[in-house]
Amino acid sequence: MARSLDGLVLAPVVDQAPGQVGTRTRFTYHEKDGEIWAEYAGGDVVRGHLVGTREGDRLDFRYVQLKRDGTTSSGHCVSTVAELPDGRVRLAETWEWESQDGAGTSVVEQVTEHAP
């Protein structure tokens, strides 16, 4: 199992569609006893929250966010946790909006003080 996500900051490696999470979005993760949660913001997202569970290297969570245009949206995501060769954490995500149409995949990686 990859290491704990607690206290890690992650960011998408590529931009999603306009009005969604992008490379300027930062996720601050927390983890305790199989529970995961995070706050996120940046880019088109003013404020976002996710909450769910971790079983081994699989995350299963719901997310909700407030966008700069004042709209809200929510969805479901399943992620696989992996450790990169340099020791950073990567999440391979499969997500689906529940409040609107749309689904896809994305990758977020741990941001370190040495990363841009």
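What counts and what doesn't
Residues numbered from 1 in each chain as written. Predicted model: local features only at pLDDT ≥ 70, side-chain atom pairs only at ≥ 80, totals over all residues. Heavy atoms only, no water. Salt bridge = Lys/Arg side-chain N within 4 Å of Asp/Glu carboxyl O. Helix = DSSP H or I, 4+ residues; strand = E, 2+ residues; numbered from the N terminus. Buried < 20%, exposed > 50% of the residue type's maximum accessible area, 1.4 Å probe, protein only.

The next subject is the pattern of salt bridges. Summed over all chains, the structure comprises eight salt bridges. Glu98 is the salt-bridge partner of Arg62, the closest N and O atoms lying 3.0 Å from each other. Taken as a pair, Arg62 in strand S5 (residues 58-67) and Glu98 in the loop between strand S7 (89-97) and strand S8 (103-110) lie far apart in primary sequence, 36 residues in all. With relative accessibility at 46%, the residue Glu98 sits in the partly exposed group. Residues Arg88 and Asp86 are paired through a salt bridge, measuring 2.8 Å at the closest nitrogen-oxygen approach. Residue classification places Asp86 among the exposed residues on the basis of a relative accessible area of 52%. Through salt bridges that share partners, Asp86, Arg88, Arg90 and Glu109 make up one connected network.

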